[in-house]
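Here are the chains, one letter per residue:
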Amino acid sequence: MPPPETSPQSPHRVAEVARLFLRLGFTAFGGPAAHVALIEEEVVHRRNWLDRQHFLDIVSAVNFIPGPNSTELAIHVGYLRAGWRGLVAAGVCFIVPAMLIILPIAWAYVAFGAKPGVGHALVGIKACMVAIVVVAMGRFAKTGVRDPFTTAIALLSLASAVLLQHYHIPQPELIILAAAALAGLIRAAARPAPAAATPSPHPLTPSSPHPDLRRTSFFVLPLSLAPATFTVQLTTMALFFLKVGATLFGSGYVLASFLHSGLVEQHRWLTEQELLDAIAVGQVTPGPLLTAATFIGYLLSARNFGGGTGGGILGGVVATTAIFLPSFCFVAILGPVLPRLRANRLARGALDGMNAAVVSLILVVSIWFARSVMWNPAGHVERLGVAVFALALLILIVTKLNPTWLIAASALIGLIVYGL
């Protein structure tokens, strides 16, 4: 049995998982690709909690379950490092910071009818995040693209991503990853099976086979505290966000479609402009885009349901809990299964194919992200964005500086330059 301080269930490991993802929750700007890059930097490059192959396997696997992929990646890393308590700690600490930031913004929106402006700081932050994603992509490529077969998969995935986006095919990531998995599986099946070896458990895999469901009981607590006057409205809203979290695949554009269909067209709770404002708040704050649910939950409960500020806070917590709860459940199911898939020859082939495709998908996102940062809407070069990107990329390549400091410095540069 491992010593207490290194046991997957030890309080020390739970605390270090909580500290890491709490910090990332306050600084992880830029969307899923940037979040993946930041988590990889911390858990693979800096802390050696996982090797890069294992990390890429998780990235590929979470693409096939509904919900926010980067959040599910954080939850899975927490599970591997500190067991079921780590699973809950990582997810909660990654999500709650964004909720705490968005609630005051939602209050200001209801009280004054406008969102606070943060555009100047975001110019520097986004440019820095592009550099972080590019560096992580280079490391992923060394692991995921390592022979002629995976090189071919990566090139075909890149071409397919461009083609599918050009023709506006829905959920292109799932199509590409499924095709890459099939190719990898066929290749593995065509090869002779290697001699069987006695598998050894991964040193970071928790030993407890079942989660303690009492640890997640806090998820249903906020709803039980709802005042009787709008319990029905809160319940209806919670069920709507629970359905979104349990069925959402794909990018933020898919989320926008889900929310528009349910909140604007079906329930008529929001106008289109209010929905756009909610999504914009989710984009400009750190953490997962799905925390737009916090803003919407506050807005609906404080104004539409007549709950005032207290009811708005409760509504924001309920909406956030409901949309993310399925992710915890899905990872709790996937976590014990993934080690067996990694050890299976055919599943290993499918994962290898998906890993090569993931590299190309991150490259496509990087190009799109860089284009939005380095060119302004008028089509002119954004000189500040180019300068911050180049400087951040150089620093990341030649030093071991923690990206958190780079993000903070980039935000400060944006504020200073535009302030002057």
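Starting from 1, residues in each chain are numbered consecutively following that chain's sequence as written. Only residues with pLDDT of at least 70 get local features here, since the model is predicted, and only at 80 or more are side-chain atom pairs given and counted; chain-wide, interface and lining totals rely on the full set of residues. Values reported for side chains reflect all heavy atoms of the structure, with hydrogen atoms and water molecules removed beforehand.

Visitor: Hey, could you go over the nonpolar core for me, with residue numbers and the actual values?
Guide: In summary, soluble globular proteins display a tendency toward joint burial of nonpolar side chains. Residues enter a nonpolar core if they are buried and are Ala, Val, Leu, Ile, Met, Phe, Trp, Tyr or Cys, with the set joined through side-chain atoms within 4.5 Å. Throughout, exposure labels follow a simple rule: accessible area from a 1.4 Å probe, protein chains only, divided by the maximum for the residue type, with under 20% read as buried, over 50% as exposed, and the rest as partly exposed. Among the nonpolar cores identified, the biggest contains 127 residues, and F21, F55 and F241 are the most heavily contacted of them. Each helix is a run of H or I in the DSSP string that is no shorter than four residues. Each strand is a run of E no shorter than two, and both are numbered from the N terminus. The greatest single-element share of this core, amounting to 21 residues, is contributed by helix 4 (residues 69-112). In this analysis, two residues are considered to be in contact whenever any of their non-hydrogen atoms come within 4.5 Å of each other. Residues in contact with F241, not counting those within four places in the same chain, are L259, L263, A293, I296, A319, A322 and I323.

Visitor: Which residues make up the packing of helix 13 (residues 308-343) against helix 14 (residues 345-374), and what values do they have?
Guide: Angles run from 0 to 180 degrees between N-to-C directions of axes, and those axes are lines fitted to C-alpha atoms, restricted for helices to the stretch in contact. Contact geometry of helix 13 with helix 14 gives a least axis separation of 5 Å together with a crossing angle of 95 degrees. Comparing the axis directions of helix 13 and helix 14 gives the class roughly perpendicular. For the pair helix 13 and helix 14, contact is made by L341, R342 and A343 and by R345, A347, R348 and L351, respectively. Gly counts as polar in this scheme, as do all residues outside two lists: the nonpolar Ala, Val, Leu, Ile, Met, Phe, Trp, Tyr, Cys and Pro, and the charged Asp, Glu, Lys and Arg. Grouping the amino acids of the contact of helix 13 with helix 14 by side-chain chemistry returns four nonpolar, no polar and three charged. For classification purposes, an angle smaller than 35 degrees is called roughly parallel, one larger than 145 roughly antiparallel, one from 65 to 115 roughly perpendicular, and anything else oblique.

Visitor: I'd like a description of the confidence of the model for the protein chain, backed by residues and values.
Guide: Model confidence for the protein chain is summarised by a mean pLDDT of 85, while 86% of its residues fall at 70 or above. In predicted models, pLDDT denotes the confidence assigned by the predictor to each residue on a 0 to 100 scale. Between the elements of the protein chain, mean pLDDT differs from a low of 51, seen in helix 8 (residues 221-224), to a high of 95, seen in helix 1 (residues 11-27). Note that residues 207-219 has pLDDT below 50 and, in this model, 13 contacts with residues that lie over four places away or in other chains.

Visitor: Give me the lowdown on the pattern of salt bridges, citing residues and values where you can.
Guide: The salt bridge definition used is simple: a Lys or Arg side-chain nitrogen within 4 Å of an Asp or Glu carboxyl oxygen. Inspection of every chain in the model, using the stated rule, returns 13 salt bridges. In this structure, the salt-bridge partner of R139 is E40, at a minimum N-O distance of 2.8 Å. Remark: E40 occurs in helix 2 (residues 32-46) and R139 occurs in helix 5 (residues 119-144); sequence separation between them is 99 residues. This pair shows no difference in class: R139 is buried, exactly as E40 is. The partner of D57 in a salt bridge is R348, and the shortest N-O contact between them spans 2.6 Å. Linking D57 in helix 3 (residues 52-62) with R348 in helix 14, this pair joins segments that are 291 residues apart in sequence. Given the relative accessible area of 0%, D57 is considered buried. Classification of R348 as buried rests on a relative accessible area of 18%. It is possible to trace a salt-bridge network through shared partners that takes in D57, R146, R342, R348 and D352.

Visitor: How would you explain unusual backbone geometry if you had to name every residue and give the values?
Guide: Not every positive phi belongs to a glycine, and H168 is a case in point at roughly 55 degrees. A positive phi angle is found at R268, which is not glycine, with a value near 55 degrees. Of note, R268 is situated in the loop between helix 10 (252-266) and helix 11 (272-284). Residue class for R268 comes out exposed when judged on its relative accessible area of 66%.

Visitor: So what's going on with the environment of E42? Residues and values would help.
Guide: Within the secondary structure layout, E42 lies in helix 2. Between the alpha carbons of E42 and F21 there is a distance of 9.8 Å; along the sequence they are 21 residues apart. Residues within four places of E42 in sequence aside, it is in contact with L20, R23, L24, R47, N402 and P403. Under the rule applied, a polar contact is a pair of N or O atoms within 3.5 Å (in protein, one hydrogen donor and one hydrogen acceptor; residues adjacent in sequence only if both atoms are side-chain atoms). In this structure the side chain of E42 is engaged in a polar contact, spanning 2.2 Å, whose partner is the side chain of R47.

Visitor: So what's going on with the environment of A178? Which residues, and what values?
Guide: Among the secondary structure elements, A178 is positioned in helix 7 (residues 172-190). Among the residues examined, A178 registers a relative accessible area of 36% and is labelled partly exposed.

Visitor: Before we move on, could you go through helix 3 and cite the residues and values that matter?
Guide: The buried fraction of helix 3 amounts to 11 of the 11 residues, a majority that puts the element mostly inside the structure. All of the buried residues in helix 3 are R52, Q53, H54, F55, L56, D57, I58, V59, S60, A61 and V62. Taking the backbone nitrogen of Q53 as reference, a side-chain oxygen 3.1 Å away marks D51 as the first, capping residue of helix 3.

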